[in-house]
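# Geometric and topological summary
Here's the letter readout for the chains.
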Amino acid sequence: MNNLSASLEDYLELICNLLETGQNLKAAEIARKLNISRAAVSEALMKLAEKNLIVYEGHKGIIITPLGIEKAKEVISKHNTFTFFFEKTLGIDIKTAEENACKIEHVISDDVFARIEAFQEYCSKNQEFIEKFKEGYIKHQT
């Protein structure tokens, strides 16, 4: 599958999250959520449909395909991993953690992401390492 732009990944992530709530999803709802024009949303949805990630037939609503679910879950996993890492491991406030996770999730290579996941797993099992890091960082900043 061709790589998706950050914007299309964000659409796919939003679609997946909204469909998990069980609602019938239409382009107008996405436009409201993102506060953008329905035309811009329709254009993005057509691009996702061309890549077989969703089925989009105008007013009938949006259906995410198995391939779309797989890709969306990859993006969501990266987002959640980075948010957790930034907040819990590095001690960054949740808003900043979320904002940075959203930026990084789109550009990081799979290999580097796998290494960060492994490091996060190590940190989760070694809380004393995290505390020493945070203490050292705070001392370094003052």
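Attention in this report is confined to the structure presented alongside it. (Residues numbered from 1 in each chain as written. Predicted model: local features only at pLDDT ≥ 70, side-chain atom pairs only at ≥ 80, totals over all residues. Heavy atoms only, no water.)

Core analysis: the largest hydrophobic core is formed by 23 residues, its most contacted members being Ile 15, Ile 30, Leu 45, Leu 48, Ile 54 and Ile 62. Listed by contribution, the elements that provide at least two residues to this core are α1 (6-20), α2 (27-34), α3 (38-50), β1 (54-56), β2 (62-64) and α4 (66-89). Of all the elements, α1 adds the most residues to this core, at seven residues. Not counting residues up to four positions away in its chain, the partners in contact with Ile 54 are Leu 12, Ile 15, Leu 45, Leu 48, Ala 49, Ile 62, Ile 63, Ile 64 and Thr 65. Phe 82, Phe 85, Ala 97 and Phe 113 belong to the second largest nonpolar core, which has seven residues in total. (Core = buried A, V, L, I, M, F, W, Y, C linked by side-chain atoms within 4.5 Å. Buried < 20%, exposed > 50% of the residue type's maximum accessible area, 1.4 Å probe, protein only. Helix = DSSP H or I, 4+ residues; strand = E, 2+ residues; numbered from the N terminus. Contact = heavy atoms within 4.5 Å.)

A word on the environment of Gly 68. Mapped onto the fold, Gly 68 is located in helix α4. For the pair formed by Gly 68 and Cys 16, sequence separation is 52 residues and the distance between their alpha carbons is 8.3 Å. Look past the residues within four positions of Gly 68 in its chain and what remains in contact with it is Leu 12, Asn 52 and Leu 53.

So, on to the packing of α1 against α4. Two quantities define a packed helix pair, namely the angle between the helix axes and the distance between the axes. The geometry of α1 relative to α4 is characterised by a closest axis approach of 9 Å and an angle of 100° between their N-to-C directions. Between α1 and α4, the angle falls in the class roughly perpendicular. Across the interface between the two elements, Glu 9, Leu 12, Glu 13, Cys 16, Asn 17 and Glu 20 from α1 touch Gly 68, Lys 71, Ala 72, Lys 73, Val 75, Ile 76 and His 79 from α4. (Axes fitted to C-alpha atoms, helices over the stretch in contact; angles between N-to-C directions. Parallel < 35°, antiparallel > 145°, perpendicular 65-115°, else oblique.)

What follows concerns the environment of Tyr 137. Turning to its location among the elements, Tyr 137 is positioned in helix α7 (residues 127-141). The spatial distance from the C-alpha of Tyr 137 to the C-alpha of Ala 6 is 32 Å, given a sequence separation of 131 residues.

It is worth spelling out the packing of α4 against helix α5 (residues 94-104) at this point. Interhelical geometry of α4 versus α5 gives an angle of 140° and a closest axis separation of 8 Å. Between α4 and α5, the angle falls in the class oblique. Seen from above, α4 lies across α5 with right-handed handedness. Across the interface between the two elements, His 79, Phe 82, Thr 83, Phe 86 and Glu 87 from α4 touch Ile 94, Ala 97, Glu 98, Asn 100, Ala 101, Cys 102 and Ile 104 from α5. Per-class residue counts for the contact of α4 with α5 are seven nonpolar, three polar and two charged. (Left-handed = near helix turned anticlockwise from the far one by under 90°. Nonpolar A, V, L, I, M, F, W, Y, C, P; charged D, E, K, R; others polar.)

Time to look at α3. Between its first and last C-alpha atoms α3 spans 18 Å; for 13 residues at 1.5 Å apiece the expected length is 18 Å, and the two agree. The set of residues buried in α3 consists of Val 41, Ser 42, Ala 44, Leu 45 and Leu 48. Seen along its axis, α3 keeps its buried residues to an arc of 165°; they face one direction. Away from its buried face, by an angle of more than 90 degrees, α3 presents the exposed residues Ala 39 and Glu 50. (Expected span 1.5 Å × (residues − 1). Arc of directions from axis to C-beta.)

Its location among the elements puts Glu 9 in helix α1. Classification of Glu 9 as buried rests on a relative accessible area of 6%. Only 2.5 Å separates the side chain of Glu 9 from the side chain of His 106, close enough to count as a polar contact. Residues within four places of Glu 9 in sequence aside, it is in contact with Leu 4, Lys 71, Val 75, Glu 105 and His 106. (Polar contact = N/O pair within 3.5 Å; in protein donor to acceptor, adjacent residues only side chain to side chain.)

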